[in-house]
Amino acid sequence: MKLIGSPASPFVRKIRVLLIEKGHGDVDVEMHDPWSNPPELTALNPFSRVPALVLSNGVVFYDSKLIADYIESTMQGPRFVPEAGAGRWFVLQAQAHADNMLDVGIRALLERRRPADKQIKDKIMRDELAVARGISSCAKIVKGLEPKLNLGHISLAVALGWVDFRLPHIKWREKQPSLAAWYQDMRLRPSMQSTIPVDSAKS
Ligand SMILES: N[C@@H](CCC(=O)N[C@@H](CS)C(=O)NCC(=O)O)C(=O)O
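Residues numbered from 1 in each chain as written. Predicted model: local features only at pLDDT ≥ 70, side-chain atom pairs only at ≥ 80, totals over all residues.

Caption draft 1: Looking closely at the overall build of the chain. Looking only at helices and strands, the chain features eight helices and four strands. Reading the secondary structure of the chain in the N-to-C direction produces β-α-β-α-β-β-α-α-α-α-α-α. Relative to a compact globule of 203 residues, whose C-alpha radius of gyration would be 17 Å, the chain shows 17 Å and is just as compact. Considering only C-alpha atoms, the chain reaches an extent of 50 × 40 × 25 Å along its principal axes. Looking at the chain residue by residue over its 203 residues, the buried ones come to 33%. (Helix = DSSP H or I, 4+ residues; strand = E, 2+ residues; numbered from the N terminus. Rg over C-alpha atoms; globule rule 2.2 N^0.38 Å. Buried ≥ 20, exposed ≤ 12 C-beta atoms within 10 Å, placed from the backbone.)

Quick look at the structure:
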């Protein structure tokens, strides 16, 4: 099995943290810059997006939600998504919330990276306001999760880490002290420390 990723991608980081927490930190990770359409990646994922998971029989799965589901369903180790019950839906909703925050955040980042005279400021403002609203709901979402570490926690922590990394002008800690305290504990986990994003790819 091999994970295709990029050193900056929060969706890849979510999967790497999940693998480490589950006891599979030894899975190979091959890094590419998805934004440059490398043939090694487009041969596996025609959309040139990471993460992609290549199984030992050559089957490829992409989209981090599917990959997380595959890991949870087939790999040994503690569970990070409850099998059934309300807890399952809260965890998956937390993951969806975090992924949405990243989708709009990445859209804002890409717009910011266009030449200044071509940027559409309204678009940046709208998307960054959505990220800020998303962060405002995080504390409540964390409260609704069971305390045992799960994929919801991992997804939210990775999304907050990405905001700090790429949109640091969104200063959320002062308005969200309890979330900041929670995130500080998450941030210090070895799985998070060993996957800190590196500024070598666009997102
Ligand atoms: N919904 C996808 C999003 C993946 C995604 O947006 N990956 C970015 C890197 S953070 C990417 O590969 N972008 C390249 C592109 O869209 O061309 C997932 O959850 O895996």
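Caption draft 2: Representation of the nonpolar core. By size, the foremost hydrophobic cluster in this structure holds 41 residues, and its most contacted members are L18 and A159. A per-element tally of this core places helix α6 (residues 151–166) first, with nine residues. Setting aside chain neighbours within four positions, we find L18 in contact with A68, I71, F80, L151 and I154. (Core = buried A, V, L, I, M, F, W, Y, C linked by C-beta atoms within 7 Å. Contact = placed C-beta atoms within 7 Å.)

Caption draft 3: Quick look at the pairing of strand β1 (residues 2–5). As paired elements, β1 and strand β2 (residues 28–31) share four bridges and run parallel to each other. Across the sheet, G5 pairs through a bridge with M31, a residue of β2. On the question of chirality, the crossover connecting β1 to the parallel β2 by way of helix α1 (residues 10–22) is right-handed. Looking at chain direction, β1 and strand β3 (residues 52–54) are connected through three bridges and run antiparallel. Its bridge partner being in β3, K2 is matched across the sheet by V54. (Pairing = 2+ DSSP bridges. Right-handed = clockwise from strand over helix to strand, strands pointing away.)

Caption draft 4: Looking closely at the sheet that holds β3. Read across the sheet, four strands follow the order β2-β1-β3-β4 without closing on themselves; strand pairing throughout is mixed. On the outer flanks of this sheet lie β2 and β4 (60–62), each paired with one strand and no other. In this sheet, adjacent strand axes meet at a mean angle of 25 degrees when their direction is disregarded. Pairing of β3 with β4, which is carried by three bridges, proceeds in the antiparallel orientation. Pairing of A52 across the sheet is with Y62, part of β4. (Axes fitted to C-alpha atoms, helices over the stretch in contact; angles between N-to-C directions.)

Caption draft 5: Seen up close, the environment of Q119. Tracing the backbone through its elements, the reader meets Q119 in the loop between α4 (86–112) and α5 (121–144). Considering only alpha carbons, one finds Q119 and L92, 27 residues apart in sequence, at a separation of 34 Å. Apart from residues lying up to four places away in sequence, Q119 is in contact with E111, R112, R114 and I124.

Caption draft 6: Highlighting α6. Along its 16 residues, α6 runs 22 Å from first to last C-alpha, staying within 8% of the 22 Å computed at 1.5 Å per residue. Among the 16 residues that make up α6, 14 are buried, leaving the element largely enclosed by the rest of the structure. (Expected span 1.5 Å × (residues − 1).)

Caption draft 7: Examining the domain arrangement of the chain more closely. Partitioning the chain into domains gives domain 1 (2–74) and domain 2 (86–189). Facing nine residues of domain 1, the contacting portion of domain 2 comprises nine residues. Among the secondary structure elements, those contributing two or more residues to the side of domain 1 that touches domain 2 are α1 and α3 (64–74). Sorting elements by how many residues they give to the side of domain 1 that touches domain 2 places α1 first, with seven residues. For the side of domain 1 that touches domain 2, the class distribution of residues is five nonpolar, no polar and four charged. (Domains from an automatic or database assignment. Nonpolar A, V, L, I, M, F, W, Y, C, P; charged D, E, K, R; others polar.)

Caption draft 8: Examining α4 more closely. The terminal C-alpha atoms of α4 lie 39 Å apart, and with 27 residues this matches the ideal 39 Å at 1.5 Å per residue to within 8%. Looking at the buried positions of α4, the neighbouring elements they touch are α1, α3, α5 and α6.

Caption draft 9: Structural view of the packing of α6 against helix α7 (residues 177–187). Remark: α6 packs on α7, axes separated minimally by 10 Å, with the N-to-C direction vectors making an angle of 100 degrees. Between α6 and α7, the interaxial angle falls into the category roughly perpendicular. Across the interface between the two elements, H153, A157, L160 and G161 from α6 touch Y183, M186 and R187 from α7. Residue composition of the contact of α6 with α7, grouped by class: four nonpolar, two polar and one charged. (Parallel < 35°, antiparallel > 145°, perpendicular 65-115°, else oblique.)

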